[in-house]
Amino acid sequence: EAGVAQSPRYKIIEKRQSVAFWCNPISGHATLYWYQQILGQGPKLLIQFQNNGVVDDSQLPKDRFSAERLKGVDSTLKIQPAKLEDSAVYLCASSLGLSPLHFGNGTRLTVT
Amino acid sequence: EDKVVQSPLSLVVHEGDTVTLNCSYEVTNFRSLLWYKQEKKAPTFLFMLTSSGIEKKSGRLSSILDKKELFSILNITATQTGDSAVYLCAASKETSGSRLTFGEGTQLTVNP
């Protein structure tokens, strides 16, 4: 089966600019997650979708981060405006029921 | 607040050595403990442990969960350079489906 697809792989922006990441989950997976992984740390959940509805966005910095999954398949995560501390790898993951999460290769964001 | 703690954070061994990675957790409504291997890209799933005392094994890797003492270990025997990676431990909850809380990870380096 095709895995979780993410793009772009890398992005370099200046602080205060905006950026968007895209994720296409495994076909049929109803649950989609965005995680932020800062260098040297474990992934931290930003937002969880079930189909096109938000299940948990309690750790999403909503003043600058937004995410959507309008048709219950693809998802985009946006940061506007970016800060230096947003430099991280943004991982998208999907799952079916209670099965283990499948991760994409991530987008490495560098904010200068 | 739910917490997953891994130790050691970093480990350097020689090929052929056996290593034990530790993971302790404090998670309300705990359901299962998962191990992932992360090389340069996406975390890849290794094991999911739900029952206490039952060892799961895959080749040179094995893992076990102790739900009384709230910890898990991941063993790797006869290590190879290809085992070099970050090993992530994560916990799921009965009330949160497949959503995971991750530890900081253990960086394992296997030298030839």
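Residues numbered from 1 in each chain as written. Chains lettered and ligands numbered in written order. Predicted model: local features only at pLDDT ≥ 70, side-chain atom pairs only at ≥ 80, totals over all residues. Heavy atoms only, no water.

In this section: the packing of aromatic side chains. All names here are of chain A. Under the defined criterion, the tally for this structure stands at 10 aromatic pairs over all chains. A centroid spacing of 6.4 Å and a plane angle of 40° characterise the contact between phenylalanine 65 and tyrosine 90, whose relative ring orientation is tilted. One end of the pair, phenylalanine 65, is in strand β7 (residues 65-68); the other, tyrosine 90, is in strand β9 (residues 88-95), and 25 residues separate them in sequence. Accessibility assignment for this pair places phenylalanine 65 and tyrosine 90 in one class, buried. (Phe/Tyr/Trp six-rings, centres within 6.5 Å; stacked < 30°, edge-to-face > 60°. Helix = DSSP H or I, 4+ residues; strand = E, 2+ residues; numbered from the N terminus. Buried < 20%, exposed > 50% of the residue type's maximum accessible area, 1.4 Å probe, protein only.)

Here the focus is the state of the cysteines. One pass over the structure, following the stated rule, counts two disulfides over all chains. The disulfide that involves cysteine 23 of chain A links it to cysteine 92 of chain A, with 1.9 Å between the sulfurs. Disulfide cysteine 23 of chain A-cysteine 92 of chain A: torsion about the S-S bond near -70°, hence left-handed. In this pair, cysteine 23 of chain A sits in strand β3 (residues 19-24) while cysteine 92 of chain A sits in strand β9, placing the two residues 69 residues apart along the sequence. The disulfide partner of cysteine 23 of chain B is cysteine 89 of chain B, and the gap between their sulfur atoms is 1.8 Å. (Disulfide = S-S within 2.5 Å.)

Another aspect to go through is the pattern of salt bridges. All names here are of chain A. A full pass over the atoms with the stated rule returns six salt bridges over all chains. For arginine 64, the salt bridge identified is with aspartate 86, shortest N-O distance 2.5 Å. Taken as a pair, arginine 64 in the loop between β6 (53-56) and β7 and aspartate 86 in the loop between β8 (75-79) and β9 lie far apart in primary sequence, 22 residues in all. Grouping residues by exposure puts arginine 64 and aspartate 86 together as buried. (Salt bridge = Lys/Arg side-chain N within 4 Å of Asp/Glu carboxyl O.)

This part takes up the sheet that holds β3 of chain A. Residues and elements named next belong to chain A. On the basis of which strands lie adjacent, the open sheet formed by four strands has the order β1-β3-β8-β7 and antiparallel pairing. Looking at strand neighbours, the two that pair on one side only are β1 (5-7) and β7, the edges of this open sheet. Each strand of the sheet is rotated relative to its neighbour by a mean of 15°, with strand direction disregarded. Pairing geometry for β1 and β3, over three bridges, is antiparallel. Following the sheet pairing, glutamine 6 is matched in β3 by cysteine 23. (Pairing = 2+ DSSP bridges. Axes fitted to C-alpha atoms, helices over the stretch in contact; angles between N-to-C directions.)

Take the nonpolar core next. Formed by 22 residues in total, the largest nonpolar core has its most connected members in Val4, Tyr25, Phe30, Leu33, Trp35, Tyr87 and Leu108 of chain B. Those elements that provide at least two residues to this core are β3 (19-26), β4 (30-38), β5 (43-49), β7 (61-66), β8 (71-76), β9 (85-93) and β11 (106-111) of chain B. Non-local contacts of leucine 108 of chain B, meaning those with residues more than four positions away in its chain, are made with Leu11, Val13, Val19, Ile76, Asp83, Ser84, Ala85 and Tyr87 of chain B. In this structure, Phe21, Trp34, Leu77 and Tyr90 of chain A belong to the second largest nonpolar core, which totals 21 residues. (Core = buried A, V, L, I, M, F, W, Y, C linked by side-chain atoms within 4.5 Å. Contact = heavy atoms within 4.5 Å.)

Listed by partner, the interface residues are 22 residues for chain A and 18 residues for chain B. For the pair chain A and chain B, the summed buried surface comes to about 1500 Å²; carbon and sulfur atoms form 54% of the total. At the boundary of chain A with chain B, the tally comes to one salt bridge. Close ionic contact of arginine 99 of chain B with aspartate 56 of chain A constitutes a salt bridge, the shortest N to O distance being 2.7 Å. Where chain A touches chain B, the interface holds eight residue pairs in polar contact (both at pLDDT 80 or more). Residue assignment for the side of chain A that touches chain B shows that the elements contributing at least two residues are β4 (31-37), β5 (44-50), β6 and β9 of chain A. It is β4 of chain A that provides the largest number of residues to the side of chain A that touches chain B, a total of three residues. Its residues assigned to classes, the side of chain A that touches chain B shows 10 nonpolar, 10 polar and two charged. (Buried area = accessible area lost by both parts, 1.4 Å probe. Polar contact = N/O pair within 3.5 Å; in protein donor to acceptor, adjacent residues only side chain to side chain. Nonpolar A, V, L, I, M, F, W, Y, C, P; charged D, E, K, R; others polar.)

This part is about the sheet that holds β3 of chain B. Residue and element names in this part refer to chain B. Spatial strand order, β1-β3-β8-β7-β6: five strands in an open sheet with antiparallel pairing. Strands at the two margins of the open sheet, each flanked by one partner only, are β1 (3-7) and β6 (56-58). With strand direction ignored, the average angle separating the axes of adjacent strands in the sheet is 15°.

So, on to the side chain of serine 75 of chain A. All names here are of chain A. Within the fold, serine 75 resides in strand β8. A distance of 2.9 Å separates polar atoms of two side chains, one belonging to serine 75 and the other to tryptophan 34. Not counting chain neighbours up to four residues away, the residues in contact with serine 75 comprise Phe21, Trp22, Cys23, Leu32, Trp34, Phe49, Glu68 and Arg69.

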